[in-house]
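Overview (structure and organization)
Each chain, written out:
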Amino acid sequence: MRDRDASVDVRSSDGRSLLLGAAGGMRSLTPLAVVVLSSTSGGEDTDWRGWPVLRHRWGRALVVLGAAAELVGDKLPITPSRLSPPALVGRVAAAALAGAALASSEGRAARRGAAVAAVGAVIGAFGGFWARGAVTEASGAPDAAIAVLEDVAAIAIARRATAG
């Protein structure tokens, strides 16, 4: 039986889609906002720019505004758990959309980018939930402070995924 390397090459198309999805599991709209703001997302002829929501500058601005609102809303005590079924489905769907946009901006199959990002979102949602709880408990820091660190991590991961 031969050894298999279980690592993911983040330079590969699937690796970038997986990373983008993981960031989406942490903050659902951050990856899509990073994709639409990214200079690596191509010019006006990029496939995702033909999508109805992203076609116009106002649609892209609403995505970015929604991502910013999510960063604030995540810290509110009334915000439901990311693992509740509606929240998890929303994160997976948003990550899949970002994965499709990234894939189409690179001339890849949008469906594959969406599927890989959706898997990444599930990993990111559960991993982010566990990590945030563990760090909060171990450090004794307020949850909101650790949530800000998670925001930074989600943005950094999404930016790495779009860097190519």
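Refer to the structure printed above.
Computed from a predicted structure; not experimentally measured. (Residues numbered from 1 in each chain as written. Predicted model: local features only at pLDDT ≥ 70, side-chain atom pairs only at ≥ 80, totals over all residues. Heavy atoms only, no water.)

A short note on the overall build of the protein chain
We apply this condition: Numbered from the N terminus, helices here are DSSP runs of H or I no shorter than four residues, and strands are runs of E no shorter than two. Note on classification: 1.4 Å probe, protein chains only; a residue is buried when its accessible area is under 20% of the maximum for its type, exposed when over 50%, partly exposed between these limits. For this analysis, residues touch if any pair of their heavy atoms sits within 4.5 Å. Accessibility throughout is a Shrake-Rupley quantity obtained with a 1.4 Å probe, and a residue counts as covered only by protein chains that appear here.
Looking only at helices and strands, the protein chain features 7 helices and 0 strands. Residues classed as buried in the protein chain amount to 41% of the 164 residues present. A fraction of 72% describes how many contacts in the protein chain between residues 6 or more apart in sequence connect residues 24 or more apart. When the accessible surface of the protein chain is summed, it comes to about 9,000 Å², and 67% of that surface belongs to carbon and sulfur atoms.

Comments concerning the pattern of salt bridges
Inclusion rule: Each reported salt bridge corresponds to a side-chain nitrogen of Lys or Arg within 4 Å of a carboxyl oxygen of Asp or Glu.
Evaluated as defined, the whole model comprises 11 salt bridges. Here Arg27 and Asp74 are joined by a salt bridge, their closest N and O atoms 2.9 Å apart. Here Arg27 is found in the loop between helix H1 (13–26) and helix H2 (30–37), whereas its partner Asp74 is found in the loop between helix H4 (57–73) and helix H5 (85–105), with 47 residues between them in sequence. This pair shows no difference in class: Arg27 is buried, exactly as Asp74 is. With a closest N to O distance of 3.3 Å, Glu150 and Arg132 form a salt bridge. Remark: Arg132 occurs in helix H6 (residues 110–139) and Glu150 occurs in helix H7 (residues 143–163); sequence separation between them is 18 residues.

Details of the nonpolar core
The tendency in soluble globular proteins is for nonpolar side chains to be buried as a group. Stated formally: Nine residue types can take part in a nonpolar core, namely buried Ala, Val, Leu, Ile, Met, Phe, Trp, Tyr and Cys, and a core is a set of them joined through side-chain atoms within 4.5 Å.
If you look at the biggest cluster of nonpolar residues, it comprises 15 residues, and the most contacted ones within it are Leu20, Leu32, Val35, Leu54, Val63 and Ala158. For this core, the secondary structure elements donating two or more residues are H1, H2, H4, H5 and H7. With 5 residues, the top contributor of residues to this core is H2. Leaving out residues up to four positions away in the same chain, Ala158 has contacts with Leu20, Ala23, Thr30, Pro31 and Val34.

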